[in-house]
Each structure stands twice: as C-alpha cells, then as structure tokens.
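Listed below are the residues making up each chain.
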Amino acid sequence: MHLTREEESALNGESGIAIQTAMGLLIDVGEFYDADRLIPIESTHISGVSYLTGGDGLVDILDFFVEKGARTKVYSTLNPSGMDRDNWKNHFIDLNFATKQFRILRNFEAMGVSTTCSCTPYDFGHILTKGQHVAWAESSAITFANSFFGARTNKEDSLTVLSASITGKTINYGFHLSENRIPNVLVNNESNLKEYADYSILGEIVGKEFNHLPFKFGAIPLFKGIKSPRPFEMKGLGAALASFGTHLFHIENITPEIELYNNLKHSDFQEEITVTDDMIEEMYENFKPPVDSQIAVIGCPNASYEEILEVVELTKGKKVLPNKEFWLFTNRAQRALAESSNIIEELQERGIKILVDTCPEVTPYDKSRFSSVLTNSVKAQHYISAPSLNNIPTYILPIRRIVEVMFE
Ligand code: F3S
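These remarks concern the structure in this document. (Residues numbered from 1 in each chain as written. Predicted model: local features only at pLDDT ≥ 70, side-chain atom pairs only at ≥ 80, totals over all residues. Heavy atoms only, no water.)

What follows concerns the site of the ligand. Residues in close proximity to the ligand include Pro80, Cys119, Glu138, Ser140, Gly299, Cys300, Pro301, Cys359, Pro360, Glu361 and Lys379, which together make up its full environment. Here the shell around the ligand is composed, by residue class, of six nonpolar, two polar and three charged. Inspection of the shell around the ligand shows a minimum of three residues originating in each of domain 1 (5–178) and domain 3 (288–406). (Near = heavy atom within 4 Å. Nonpolar A, V, L, I, M, F, W, Y, C, P; charged D, E, K, R; others polar. Domains from an automatic or database assignment.)

Laid out in structure tokens, this is it:
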C-alpha cells in the first residue's frame, strides 16, 4: 500500500501508541484486500457497544485506547448499547451488566465519540451526501448509508471502525470504488408492499435467494417495481438484506446512483427473481407465531418519529394486555420529537415501554418471563433467536396484527 509521509510516521509510533496501533490494523486489513491506499473520511459510526455482545474483551480494548490517549479525528456516533441508560433498572438489567456497560460508554466519551447509542445515526443530524466517503459499522446503517444516501462505506467491524475514527482514514477498496457498486442481481417486484413488515419480508426473500452467490462484496440488487417507499420502509428493507450480507441496493428511479444502473442490459445481471404477493404471504406463514408470546418488540432499526406516530394511531383507545409487554425501541432524538408533542406520555399510559440507547438484539431478556418474542422486523427475528445472543424463538407479524394480539 502506498502510505503518505504522515501515515508512515503514524505507523512508526511518532504520534503515539494509540494511533500507531490503529494505523497498523488498517494497513494489515488493507494489504489483505490488496488496497492501494488509505483515504480520508468524513465520519464514522461505531458498533461493538453492548456489553452483551462485546463482554470483558471490549472493556479491555477500550481501556487500552483511552489509557493511550486515543481521540477521534472525525465526527463519530455510537451504536446501541445493551440498556437504556436512564431506565435500565425497569428492564430487568442486573447491576454487573449495567456497571460494565457504563464503563464502556465512559470510554467512548473519553475518546470524543458522540454517545448517540442508536443504529440510525442519520436521526442525529449525521446526514450523508452522495459520493461521500465514510466508515460505518452496524449493518443496517451501512446499507442505508450506501443505498438511500449514495454515500460510500464498507462493512466495517468494531475494530476497523475504531481505527478509522482514531486515524480519520479508511481503506480504499470495496464500496469506496464505483465499479464495486454496480447492481449484479435483478428483482422484479410485483407484490403490493403496504407496510414496514412487508419491506422487511421482501428483504428476507431477496437475501435468501442470492446469498449463496460468490460475489466478493455481496449481492447488489436492483429493485424494479417499487413505487414510493417511505424512508423508514427502505431502512427496514436494508436491515433485512444486511442480515444476508447485502450492504448496498438500488431501487429504480428512487435511490441516487442512477448512473450505475441506468444503462445496464438484462444480460448484465447474474440472476433474477420476481417477487409476488403470494411469496410475501408464504414467508409470513413461515414466521407464524404461537398465540402466547409474552412480549413484542418494535424498532429494529430504531423507530423513527413516523413509526412512533403509526404506533400511536394503531393503539388509540387500547391498552397492553396484563402479563404482556410491548417495547418500542427508538433513540433520544426521535423520542425528543415525540415528547414535544406529548406522544410519549400517551403511549406510556397505554402500557407501552419506550426504550432508548439500546436495541431489541443487544438487550438481554429475562427468559423466565419471556419464552417467545413477536416483532415486525426480519433482522430482529434473526438476531433475537440467534443461539449466540438471546436465543429466544422470535416471530414476525405486521404491526397491526401485533397490536391485535398484544392489546385489549
Ligand atoms: Fe439496529 Fe439492533 Fe436492529 S442495531 S438494526 S435495532 S438489531
């Protein structure tokens, strides 16, 4: 890899051990990918925040970087932690977990990271522009950054993204290069997509169809036949696709990188699928829940103000059934918007718990209370039921059906 004089000197330790370590890691990964150089970035979004997923190893790594004086060089936001910082006691979090989680967050703060604790950093003014180079971790955020905004990021992991924050650089390969952003599979959508969960199910169908293909940077679908998706529905589609290793998609006449797909011929696509209403229905059938789920979780990725309004509308005049829980995961920015119109109080009176700083995947569940979970998100379904995480059977329903079974 070609290194500038400044990068050489950082690698030689002239700017301290923290930068030297971060630079060394980026260069090792860059050489693995045959990258030519590092490039400057505008921002990072850091994953690997929850004590549930990172454990003591995460605490130790952050202690090291803080002790060695690491500071972020670019605007950096943070993924969800394992708990709501203000209300963790109400959500069955034990003291040891909370103590470690606070230590992790203090370490990030000490490095200058904005502790947004959300997987939707664009809700905090972290707005991207087309062609802008950034380094984001958190698969759903990466997919939204690449697809909705047309910004450029690879799927960073928790160490490469931390190194990018500390150096202000990322590796020039993969999605930073136009030739790797061209769609390679075609999706003809003939289904009548009506709501968030439908988009999430569409992502599941498409992800499953193409994830066996040996593309170096994953399948990149071009969707045709999607008319006017709302941003949060595109977020749901992207999150579902991301759980199958797709971190960039295009929607004809909607997403910004038109020049990358406008002149493609049919034969330029490696494979093709047509998605119908029947296929969406069949997929819902596969996820059909038992009648007695004790908890429903909404907000994977973290719910936007628009999604909160939808819950307000659907639950008007209703109350969560006794012995059931309905948790809505959002972030501090969207909650503040909802608070300014008194919506939060209204939702709480209906028995809905509003959680911030965390997410349905990385928060621990009390398994003695909850033997199965309902959600409207494919990504939440995958991860809550994952044996390495909460390992609880999880099922998908459209939100209006969830309200029917969880409310009186
Ligand atoms: Fe976000 Fe957690 Fe879902 S990080 S995308 S809410 S699994």
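All chains considered together, the criterion is met by 20 aromatic pairs. Their ring planes at 75° and their centres at 6.5 Å tell us that Trp88 and Phe102 sit as a pair that is edge-to-face. With Trp88 in the loop between β3 (75–78) and α4 (95–110) and Phe102 in helix α4, this pair connects stretches of sequence that are 14 residues apart. Look at Tyr122 and Phe144: their rings are 4.4 Å apart centre to centre, the planes differ by 35°, and that puts the pair in the tilted class. Separated by 22 residues along the polypeptide, Tyr122 in the loop between α4 and β4 (135–136) and Phe144 in helix α5 (residues 139–149) bring together distant segments of the chain. Each member of the pair, Tyr122 together with Phe144, is buried. (Phe/Tyr/Trp six-rings, centres within 6.5 Å; stacked < 30°, edge-to-face > 60°. Helix = DSSP H or I, 4+ residues; strand = E, 2+ residues; numbered from the N terminus. Buried < 20%, exposed > 50% of the residue type's maximum accessible area, 1.4 Å probe, protein only.)

On to the side chain of His247. Tracing the backbone shows His247 in the loop between α8 (231–242) and β8 (250–251). Apart from the residues within four sequence positions on either side, His247 is in contact with Ser139, Ile142, Thr143, Asn146, Ser147, Lys155, Phe175 and Ala242. (Contact = heavy atoms within 4.5 Å.)

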